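Residue strings, one per chain:
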Amino acid sequence: TEMIDKEVVIIGSGYGGSVAALRLCEKGIPVTLLEMGLNWEKSGEKFSPMINPGHSAAWLKTKTIAPFFNLFNLDKFTGTLDRLDFEHIKVWVGRGVGGGSLVNGGMAVTPKKEYFKEIFPNLDTEKFYSHYFPLANKELKTNVASEEFLKDCHFYKFNRVGEEEAHKAGFKTVRVPNVYDFNYMEKEYKEEVPRSALAGEVIYGNNHGKNSLDKTYLKKATATGKLEILDLHQVNHISQNPDKSYTIDISVINTKGEEIQHKIINAKKLILSAGTMGSIELLLKSSAKTQLPIDENVGKEWGNNGNFMTGRNWVKAFSGGTGFKQSTIPVGGIDHWEDKEHPFFVEIAPLPMGLNVATALYLMVNKLKKFGEVKYDLKAQKLDLNWDQSHTAHMKDNAKHFLRTMNNANGGTRSHILFHNGFGADVCYHPLGGIVLGKATDQFGRLNGHQNLYVIDGSLIPGTIGVNPFVTITAIAEYCMEEIIKKDFV
Ligand code: FDA
């Protein structure tokens with residue numbers, strides 16, 4: 001076992017961890033970033049498309065783990081996409097340097113001001129909308145596709161059909177910003193550069209075009225010369241020392257997931273950015289194993305951000321369906337959030353399987369009516385999530401209303417080929433909460449009862465934010481780090 005001393009350690013290289021790394025490094029503070037997944041850029045490995053899954057497709061699995069069509073066998077490898085299976089819900093997460101930004105659809109959505117205020121009554125809403133959200137969007141390189149391009153590009157037929165049908169059904173649609181570089185995509189379309197979004201790459205990583213965190217925050221942080229990134233470093237648990245520093249127990253793994261070295265790092269300050277599920281697990285597990293003191297609110301106010309997947313079949317079947325070739329990057333949404341009876345937001349999602357299955361896929365974001373709670377089962381050594389159909393019943397009602405309205409106006413049926421009965425109540429891409437800002441932590445992410453332990457990631461958001469969450473996670477991380485650096489790093 002190797003023992004090392006460090007000043008500041010961050011666990012996890014997703015949105016929270018990347019913001020923390022950049023802001024500390026910029027101030028000249030040396031940072032060590034531990035990431036269990038692979039540093040893809042450094043490794044020279046390529047990301048694979050959905051229809052030809054390779055090394056990047058799954059985290060140490062022998063079969064693919066997409067939400068549907070898992071017909072592919074795999075070699076066990078530290079891939080980019082992982083799935084945590086609970087009894088009534090499956091939670092997908094990204095692994096690797098860049099975290100969720102490697103596998104996500106890149107939709108960069110700023111939440112509605114009113115809803116943000118409702119969820120975070122103690123934050124300065126005006127400052128968020130005038131400063132932290134614009135800052136997050138600038139650093140993340142959020143951009144919008146040109147209408148000209150979307151109108152003609154045959155890879156966006158699925159979106160045109162989706163919007164047309166939504167309008168016919170009386171719904172309002174909105175253009176959704178993204179971090180995928182649409183200028184690059186236009187060049188892809190003209191075949192001037194290698195194709196990525198137009199070649200079926202997304203949930204197993206993009207080889208080009210997408211401004212994932214390794215191309216934005218982490219790149220800038222690395223350029224300071226102050227950032228050390230240690231990939232394939234899986235943190236097992238942490239403990240607190242009498243001098244209020246932390247000891248981090250780490251398994252260094254190979255790409256087959258086998259431990260090749262055991263490492264102990266002592267850190268004066270520790271930032272947990274392992275993502276909602278990862279940070280909750282580290283705290284609960286460490287409390288059970290090393291008696292790490294944790295606040296009683298850890299694990300509470302967890303939510304799926306109202307995620308509910310659904311689909312329709314025979315969408316414009318006779319006019320060529322939604323297209324054989326589809327861009328993997330969504331650009332359209334249905335905004336039904338203001339409706340009193342059925343408030344929801346719907347992403348018009350692509351289904352880039354290379355088949356014209358005459359199917360439309362939708363990812364709904366609903367409100368949350370009931371929180372879940374996460375616990376740690378020490379005996380089974382895994383997380384336990386209190387979540388069942390009672391949490392998603394109103395989301396299913398919304399999905400029924402949405403599909404009925406769409407089908408009445410346009411024809412079509414619920415998609416039974418995608419989901420059992422057409423409803424994917426168990427699909428969660430946006431796990432949030434469990435270490436809620438101002439509850440388990442103070443107003444800036446300092447874990448209650450600790451001086452040198454911080455939580456900076458999606459777990460700070462109490463279960464729901466009404467839109468895809470990474471812009472909010474980034475903005476909150478910026479807000480917390482500004483204060484923490486000012487007060488705790490003098
Ligand atoms: P994040 O999960 O990004 O990063 C945590 C990191 O910590 C990971 O790299 C993980 O490997 C690492 N880690 C965990 N435990 C560890 C341990 N014990 N030791 C070492 N490292 C550890 N959002 C959005 O806004 N727009 C979108 O279009 C989409 N689309 C989408 C698609 C899919 C398929 C998924 C799975 C998710 C999305 N999301 C999304 C969600 C978005 O990606 C997600 O909310 C953020 O990545 C969460 O950011 P965090 O900083 O909380 O953690």
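Data block above holds the structure.
Observations regarding the pairing of strand β1 (residues 2-11)
Step number 1: Two elements, β1 and strand β9 (residues 259-272), share nine bridges in a ladder whose sense is parallel. Paired with Ile11 across the bridge in β9 is Leu272.
Step number 2: In this structure, β1 lies alongside strand β2 (residues 31-34), joined through four bridges in parallel fashion. Within β2, the position partnered with Val9 by the bridge is Thr32.
Step number 3: As for the winding sense of the linkage, the β-α-β connection from β1 through helix α1 (residues 15-26) to β2 is right-handed.

Points about the packing of aromatic side chains
Step number 1: Taken as a whole, this structure holds 27 aromatic pairs when the rule is applied.
Step number 2: With 5.5 Å between their ring centres and 50° between their planes, Phe171 and Phe402 make a pair best called tilted. Of the two residues, Phe171 sits in the loop between α6 (157-168) and β5 (173-175) while Phe402 sits in helix α10 (residues 389-410), which places them 231 residues apart along the sequence. The pair formed by Phe171 and Phe402 is uniform in burial state, with each residue classed as buried.
Step number 3: Members of the aromatic cluster, joined through ring pairs, are Phe116, Phe120, Phe128, Tyr129, Tyr132, Phe133, Phe444 and Tyr479.
Step number 4: Between Arg95 and the ring centre of Trp59, over which it is positioned, the NZ or CZ distance is 5.8 Å.
Step number 5: Looking at Lys269, its charged tip hangs above the ring of Phe489, at a distance of 5.4 Å from the centre.

Some details on the environment of Gly162
Step number 1: On the secondary structure map, Gly162 appears in helix α6.
Step number 2: A relative accessible area of 5% means that Gly162 is categorised as buried.
Step number 3: Along the primary structure Gly162 and Ile348 are separated by 186 residues, whereas in three dimensions their C-alpha atoms are 6.4 Å apart.
Step number 4: Dropping the residues within four chain positions of it, Gly162 is found in contact with Ile348 and Met406.

As for the side chain of Thr464
Step number 1: Within the secondary structure, Thr464 is located in the loop between β21 (453-455) and α11 (470-488).
Step number 2: Polar side-chain contacts of Thr464 include one of 2.7 Å to the side chain of Tyr115.
Step number 3: Residues in contact with Thr464, not counting those within four places in the same chain, are Tyr115, Ile119, Asn305, Asn366, Leu368 and Leu432.

A word on the pattern of salt bridges
Step number 1: All chains considered together, the criterion is met by 23 salt bridges.
Step number 2: Between Arg95 and Asp82 there is a salt bridge whose closest N-O contact spans 3.0 Å. With Arg95 in the loop between β4 (90-94) and α3 (113-119) and Asp82 in strand β3 (residues 81-85), this residue pair connects regions lying 13 residues apart in the sequence. With respect to class, Arg95 is no different from Asp82; both count as buried.
Step number 3: As a salt-bridge pair, Asp335 and Lys112 come within 2.8 Å of each other at their nearest N and O atoms. Residue Asp335 is found in strand β12 (residues 332-336), and its partner Lys112 is found in the loop between β4 and α3; the two are separated by 223 residues along the sequence.
Step number 4: Overlapping salt bridges bring together Arg23, Glu26, Glu139, Lys220 and Glu478 as one network.

Concerning the site of the ligand
Step number 1: In the vicinity of the ligand lie 34 residues, with Glu35, Gly100, Met107, Gly458 and Phe470 positioned nearest.
Step number 2: In the model, an oxygen atom of the ligand is placed 2.8 Å from a nitrogen or oxygen of the Gly100 main chain.
Step number 3: Within the backbone of Gly458, a nitrogen or oxygen atom sits 2.9 Å from an oxygen atom of the ligand.
Step number 4: For the ligand, whose accessible area on its own is 1,000 Å², the fraction buried by protein is 94%.

Focus: the nonpolar core
Step number 1: Counting residues in each nonpolar core, the largest one holds 161 residues, and the members touching the most others are Ile11, Leu24, Tyr156, Ile248, Trp302 and Phe402.
Step number 2: Top element by residues in this core is α11. It accounts for 11 residues.

Some remarks on the sheet that holds β4
Step number 1: As summarised here, the arrangement of the three strands in space is β3-β4-β19, forming an open sheet in which the pairing is mixed. Across the chains shown, the open sheet's two edge strands, defined by having one partner strand only, are β3 and β19 (427-428).
Step number 2: Bridging between β4 and β19 involves two bridges; their strand directions are parallel. Bridge pairing links Lys90 to Val427 in β19.

Quick notes on unusual backbone geometry
Step number 1: One non-glycine residue, Asn305, adopts positive backbone phi at about 55°.
Step number 2: Relative to the helices and strands, Asn305 is located in the loop between β10 (300-303) and β11 (307-313).
Step number 3: For Asn421, which is not a glycine, the phi torsion comes out positive at approximately 65°.
Step number 4: Relative to the helices and strands, Asn421 is located in the loop between β17 (413-414) and β18 (423-424).

Criteria and thresholds
Residues numbered from 1 in each chain as written. Predicted model: local features only at pLDDT ≥ 70, side-chain atom pairs only at ≥ 80, totals over all residues. Heavy atoms only, no water. Pairing = 2+ DSSP bridges. Helix = DSSP H or I, 4+ residues; strand = E, 2+ residues; numbered from the N terminus. Right-handed = clockwise from strand over helix to strand, strands pointing away. Phe/Tyr/Trp six-rings, centres within 6.5 Å; stacked < 30°, edge-to-face > 60°. Buried < 20%, exposed > 50% of the residue type's maximum accessible area, 1.4 Å probe, protein only. Lys NZ or Arg CZ within 6 Å of the ring centre and 35° of its normal. Contact = heavy atoms within 4.5 Å. Polar contact = N/O pair within 3.5 Å; in protein donor to acceptor, adjacent residues only side chain to side chain. Salt bridge = Lys/Arg side-chain N within 4 Å of Asp/Glu carboxyl O. Near = heavy atom within 4 Å. Areas by Shrake-Rupley, 256 points an atom, 1.4 Å probe, with all protein chains shown as cover. Core = buried A, V, L, I, M, F, W, Y, C linked by side-chain atoms within 4.5 Å.

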